[in-house]
Every structure is written in structure tokens, then in C-alpha cells.
Amino acid sequence: MTAVGDKKQTLAAAPQRDASKPITMVAAINEALDMALTRDPDVYIFGEDVGVMGGVFRATDGLQARHGVERVFDTPLAEAGIMGLGIGMGLAGLKPVAEMQFAGFLYPALDQIMSHLGRYRHRTRSRFTLPVVVRAPYGGGVHTPEQHADSPEAVIAHVPGVKVVIPSNPQDAKGLLLAAIADPDPVFFFESIKMYRSLKAEVDPGYYTVPIGQARIHRAGDDLTIICYGGMVEVCDRAAEAAAGAGISAEIIDLRTISPLDTATVLESVRKTGRAVIVTEAPRTAGFHSEVAAVIAEEAIDSLLAPVVRVTGFDAPYPPFTAIEDSYRPTPTRVAKAIRRVMEY
Amino acid sequence: MSKTSTEVAASAGTLPAAQAAMAASVLQPAAEGQPEVPMLQFITPQGTLNAGEQPLPDVPLPDPETQLWLYRQMRRIRHFDERAWVLYRQGKMGVFPPYGGMEASQAGTAAALTTQDWLFPTYRDTGAALTYGLPIAQTVAYWRSSPHGWYMPEDLKITPFYIPIATQYPQAVGAALAERKRGTRNVAMAFIGDGGSSEGDFHEGLNFAGALNAPCVFILQNNGWAISVPTAAQTRARDLSRRAEGYGVPGLRVDGNDILAVYAVTKAAVERARGGEGPTLIETVTFRIKPHTVADDPTRYRTDEMTAGWDTKDPVLRLREYLLAQGTLTEEGEAAMLDEISAEFEEAVAAADALPDPTPAEIVDHVFAQPTPQLRAQRAEIMEEDSA
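Residue positions are given per chain, counted from 1 along the sequence in the order it is written. For naming, the first written chain is A and the first written ligand is 1, with later ones following in the order written. Per-residue local features of the predicted model are confined to residues with pLDDT of at least 70, and side-chain atom pairs are confined, for both listing and counting, to 80 or more; whole-chain, interface and lining totals are unaffected and use all residues.

- The name an unreviewed UniProt entry gives chain B is Pyruvate dehydrogenase E1 component subunit alpha, with Deinococcus piscis as the organism.
- UniProt positions are given in the numbering used here, feature names are shortened, and annotations may be inferred rather than shown by experiment. Per UniProt, chain B carries the Catalytic activity (unreviewed entry) text "N(6)-[(R)-lipoyl]-L-lysyl-[protein] + pyruvate + H(+) = N(6)-[(R)-S(8)-acetyldihydrolipoyl]-L-lysyl-[protein] + CO2".
- In the Subunit (unreviewed entry) part of its UniProt record, chain B is described as follows: "Heterodimer of an alpha and a beta chain."

- You'll find chain A entered in an unreviewed UniProt entry as Pyruvate dehydrogenase E1 component subunit beta, with Deinococcus piscis given as the organism.
- A UniProt comment under Cofactor (unreviewed entry) is attached to chain A, and it reads "thiamine diphosphate".

Next comes the structure, spelled out in C-alpha cells:
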């Protein structure tokens, strides 16, 4: 067991980093967690294999060694229990950061999430609030085994009282995660497995937050608006690049937070371009893309020059079959096809 | 003293043969090869001191002053339970799950806490909540489905009643663990029923508490019924306290209608948790003599035969007999006590009656610390509709 005395030693051992050297998203997440543990004694990190092992994706690598087993600890293998534990710690005023090993494994915790996580402030009229963060790796693209590549963000976004954040790059990931930990309300933080290590970027080594609920214009353009988040931003970027070669100027909005949705940024762009393509890797029916489409239909129909088009996964479970897996997840080619459709309408 | 409605609540009725046969399984003896843990019992159903050998010799009989105090706690929550029925019939209360007959199990456990400890009650545990300190007026408001019942007191660490079954168990572990990490000696107590012990969260909670050495006291009120399903149909296990063994957690069994035994066992478990020695599961063996809720008709699923005998095990009468015989309680003292309890209740109901009706806009309040743009727009939408 680590006593308070150990903490001072561990803080001194926090690593220094060359700010100009690009890092991966998982490294940025690790840095945010490390920083949160250092800054706030109420922050606790727990989940399956997050301790000695540092998590299956190494997001918590080295944190137990630096901050001690009281602050960073392994739990029994039970997701409802992990979620319930986090809710209880949150009730008592701590800031728990729980890890669900994969988003596809969070389903046992849905009772805790839907019945309590988003409801506690409401049903105690703010006597009890839950400053709880739940991190969960999601999505496909890296040939994981069956059931490791789900994208259930719409399920969680449908729960009142829970915010849902999905970063697309290292700089945002760090700032959004620090904002999530500082937030007084529950935040689900979905991390694209594909993006963990597929790109590196310069990340501010200091403490900073990226506001929850604010989308980002990833690429400015005039002819159409592509709305996406998480692992799809990179895919849309490639499609937009190809479209630019054909003289089409695509604006890309990286939502960053899907709940609450930054409708102002979405609508401003769509009113400007008159065309919208929404891209997610989740199944098509009742996905979050459909919510975005509905908001555009309700608020910006007069500006539309073409139907709102969704590019998504399919209404089938994510396939683990290596040879054909890439046909499920939207590709730049499929996004390009949607771009052509709205441009040629 | 005449019988209270609780004592005569056993339902009359006849069941179709097949249902009766199934339901009668509640009367079956323990399955062979499953030894029951002996129950601690200080006071027999006849109101005499149990002279037999006790399974927990280190657990002491509470002193007379505590005995009288516990009697008052039971009387106080019985009064609420009985008045709640009346208010329901008068249209002044919503659907309420009664606990009459289970007062020893509820008051005896909650009385072992201070308000620095956590209490996680289920919807059946209004009695425990009142004993812990939830104000009566607020409790009435809650069961009237008024948002005034949702403003949990800032100075108490009691959660709202848990409606989804068993979810409170892992949460109590979290609250308890937080207390330990902060270096306090505070504990968390969570309630569940026999039916609830079938839920996964019950088992995950016990296992987490054991693995993380959380200062928790888990109360499993075995009242024989999960709405219409008797415990014998709920599980093949005949001794629910033994469920703790699988998680390396002590499981104790107590006569849930003997408040002196319930209190003493709970106090010991609370002290054990305070001392960092870990969680305990306590099965209080009691009986749901009343319907599931005031809107439930138990004649559809159980017969008089199945409830017979429990009225004579009444926890209030049992302690009353004992205290009168000991001279700890007098008829005059009791009458004064009941008058005080009644006055306290009437005053609280008057306070609850005076609470203003909520406005529709309150539906979207208290979702987040800062309302989202969506919630602000929806609030405006509600207010526009409301003023139309």
C-alpha cells in the first residue's frame, strides 16, 4: 500500500518530454492521466489490467508505479461492478476514472450507466453529483478479435445526464480528457483503437483543456460539410484531399463531443455549404449520424442543396474477418462516393 | 393493546391448484446437504430471553436503555408504514412498498450507523431510511412522487431509494472504498432482498468488497418473497448468508424479527468494518407479511397457510412483551411514546402538504451542473407550452 509520503517521491519522478517531438494519441492520453493524478489527489484510476500491466493498450502504462496502488488499481473482472464502484466513489466526492477494457465489453455496465450514472444529479436535485469519467477503446480497423471493435457511442449518447466525448487526435485527446476529469458531471470518453498509434502529433506538454461540447473545423471548405468524429476524421480527411484534386472544397467538422452536440457549428457550416455528409463507423440504423441529420433537417432545410447523406457501418455486427473487415468500416472511397452524390444531386 | 393492522395483514384467499403447489414450495424444509448457519436470537417470539447456546457468543445483548431506544425506533417506523396505507387510501400517497413486520430488520440495522456513514436503501427500506435520519416530511414527499422528496439532505449520506435491483451493492463498495482512501472510519451499508441476491450486481458487489477490503455492511433482508416468487422458487440455496462464503466474506444469520439480535450483529459488523477488517454480509431472516406494494393483491399468489405463524413472530410485540416483563417499558411510558410519535408524524405530513406543486420546467433541471444548449432550448419549449 502506498502512503501519502510516497506520493511526493512519485511526483518528482514524473517524466519530462521534448515538446517538439510528436507523440501518439495513446501517449497523450497517458500523459493526461498522469497529469490529472499529479494535480488532483481525488483522481483515481481503475479497471481491468490497468495497474501493473498498464492496460491492454498501455494507456495507463507506468501510472501505478508513479502514483501507487492506492491511486491506480486493478479491479475484479466485472464491468457492472467497475461502473458501480466508480459511481459510489463519485458519490463520496472522488473523481474516479474508470477504464472499460473495450467499448464492446461495457454492456454489462449498462444498468449502472442508464439507471444511475446519468440520473444521480437529477434524482437528488444536485445533492449528489458524479464527476466520473469512463474511458473505453472503440471501433475497428486494427483486426481485433470478434466483439472488440464495437462503436456503441449512440447507446451512451442516448442516456440523459451523460456527456460523450470522442477525440480524433493526440492534442485534442489530452485536452478533452483533462476537461472530462475536471467536469462535474459524468463523461464517457471513447478512444478510437485505430487512432491510438496511427498518427503522431505535437502535443502541448503542459496542462490545458479542450472545452467539452465544442466541435472543431478540421478543414475549411465551401462546397459541402463532412461531419465526423474519432477514427473517421482521418478517413474523411483523405476523401476531402482527393475531392480537392477534383476541385471540390469540403469542410470537415470534427465533432469531438457528440453529447452535447455542438449544433451551432454544424448548422453554420451546413448553411454555408448547403450539403452535408455524416460519417461514422457505427451501424447505420439509429446511429448518432441520424441525430445529426435530424438536427440539420429541422434547422437548416432551407439551406440544403442536396439530401443529407450518411456513410456508416452496416446493420450487422462488426465482422472480425481480416480479409473483409475493411468493407465494413467507411473508407475514403465510400466517403468520396457520398461526396459525389451530394455534389451531383 | 389492540392488534395493529400489520399483525393481521396476512391475506385471505384461495389459489388455483398448480399455483398453490408451486407457491407451497416456500414451506419446504432446507435441501439435504445444505446446512443452515444458526441464527442469532436473543428474544424468542414469545418475548422471553433465549436461553439456548448462541452462534455468535461475542455479540452482546444490548443494554436496557438501548433496548428501549430500539423499541421506539420500531414503533416510529411502524407508525409511518401504517399511516402510509391510510394516506394511500385517501389519495394522499403514491404507490408505496410497505415494510410492516420487518421493522426489526430495518431499524435494527440502520440504528447501528451514524450519519457520517453511508446508507443505500432499496424501495422496501423506508423504515431504515427514517431510522437513519431521512426527514419524515421529505419521505412522504418522495412517496408522493414529488421532486421535494428528491432533494437529499446535504448533511446526510443517504442515497435515494434504489429501484433497479442490486445496483446499490457495487456502489456502496465505491463509497466505502472512498472513505477508506480518505482515511476515515466511516462505513457504507447497503440493503437487498432475497430476490435481489439473484442479481449479478449483488455478487459483483460482494466480490469487489472482499477483493478491495471495503468497509461495507451488506444487509440481505430475506423476507421470503420477491413480489410473487417465494425464496424456494428463487434459488435452490436455503441459506442466503452462505452466499458470502464464495467471496471470502463473512456471512452471518440473524433472526430478523428480533431487533436486539439484529442491532447487536450489525453493530459488530460495523465496528469490524471501521477497524479495517473488511465487509460482512448479514442475512436478516424475516417475512413480508404485507403485499409487495399497497397496490398489490397477494391473494393471487399465496395462501393464508403460507403466511401463518409470522403474525405471532411480530418484532414489535415480541420486544414489547420482553420490555414490559423486565420493567424497562411501562404502559404509561409507551402511551406517551406513541403520542410523541404520532405528533411528530402529523406535523411532518402537514409540512409535506404545504410543499408547493412542481412546475413542468423542473423536468429538465438538475441534469448537468450547467444546462446544455439542448436543455436550455427544451426548458424554453416546456415553459412556452406551460404558459399556453
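Once the structure has been displayed, the description carries forward.
**Quick word on the UniProt feature "domain: Transketolase-like pyrimidine-binding" (unreviewed entry) in chain A**
Then step 1. As recorded in UniProt, the sites labelled "domain: Transketolase-like pyrimidine-binding" (unreviewed entry) are residues 23–198 of chain A.
Then step 2. Going along the chain from the N terminus, every DSSP run of H or I of four or more residues is numbered as a helix, and every run of E of two or more is numbered as a strand. Taken as a whole, residues 23–198 of chain A contains 38% helix and 16% strand, while its terminal C-alpha atoms sit 10 Å from one another.

**Structural notes on the sheet that holds strand β3 (residues 216–222) of chain B**
All names here are of chain B.
Then step 1. Two strands qualify as a pair provided that DSSP identifies no fewer than 2 bridges between them. Read across the sheet, five strands follow the order β1-β2-β3-β7-β6 without closing on themselves; strand pairing throughout is parallel. Looking at strand neighbours, the two that pair on one side only are β1 (118–120) and β6 (251–255), the edges of this open sheet. Adjacent strand axes in the sheet meet at a mean angle of 20 degrees, parallel and antiparallel pairs treated alike.
Then step 2. Alignment of β3 against strand β7 (residues 280–285), held across six bridges, turns out to be parallel. Lines are fitted to the C-alpha atoms to define the axes, a helix being fitted only along its stretch in contact, and any angle between axes, read from their N-to-C directions, falls within 0 to 180 degrees.

**Points about the packing of helix α4 (residues 79–91) of chain A against helix α6 (residues 168–181) of chain B**
Then step 1. It is the contact of α4(A) with α6(B), at a shortest axis distance of 6 Å, that shows an interaxial angle of 45 degrees. Relative to α6(B), α4(A) is oriented oblique. The handedness of the crossing between α4(A) and α6(B) comes out as right-handed. Residue-level contacts link A:A80, A:G81, A:G84, A:L85, A:G86, A:I87, A:G88, A:M89 and A:L91 of α4(A) to B:P170, B:Q171, B:A172, B:V173, B:G174, B:A175, B:L177 and B:A178 of α6(B). Geometric relationships in this document are graded by angle, where less than 35 degrees denotes roughly parallel, more than 145 denotes roughly antiparallel, 65 to 115 denotes roughly perpendicular, and other angles denote oblique. Crossings are sorted by hand: turned counterclockwise from the far helix by less than a right angle, the near helix makes the crossing left-handed, and turned clockwise it makes it right-handed. Distance between backbone-placed C-beta atoms decides contact: two residues are in contact if it is within 7 Å.

**Observations concerning the domain arrangement of chain A**
How big an interface is tends to be stated in terms of accessible area lost as the parts join.
Residues and elements named next belong to chain A.
Then step 1. Those domain boundaries reflect an automatic or database domain assignment. In terms of domain boundaries, chain A breaks down into domain 1 (4–198) and domain 2 (216–344).
Then step 2. Taking only C-alpha atoms, the centre of domain 1 and the centre of domain 2 are 27 Å apart.
Then step 3. With 25 residues of domain 1 at the contact, the number on the domain 2 side is 24 residues.
Then step 4. Among the elements of the structure, α7 (153–157), β5 (163–165), α8 (170–182) and β6 (187–192) are those that each provide at least two residues to the side of domain 1 that touches domain 2.

**Topic: the sheet that holds β5(A)**
Residue and element names in this part refer to chain A.
Then step 1. As summarised here, the arrangement of the seven strands in space is β2-β1-β3-β4-β6-β5-β10, forming an open sheet in which the pairing is mixed. With partners counted over all chains shown, the strands left at the sheet margins are β2 (72–74) and β10 (257–259), one partner each. Averaged over all adjacent pairs, the angle separating strand axes in this sheet is 20 degrees, with direction ignored.
Then step 2. In this sheet, β2 lies alongside strand β1 (residues 43–47) in parallel orientation, the contact comprising three bridges. Note on β2: the bridge partner recorded for I45 is V72.
Then step 3. Packing against the sheet, α4 makes contact with β1, β3 (95–99) and β4 (133–138), and its axis sits at approximately 170 degrees to β3.
Then step 4. Against the sheet, α8 touches β1, β3, β4, β5 and β6, its axis set at about 160 degrees to β6.

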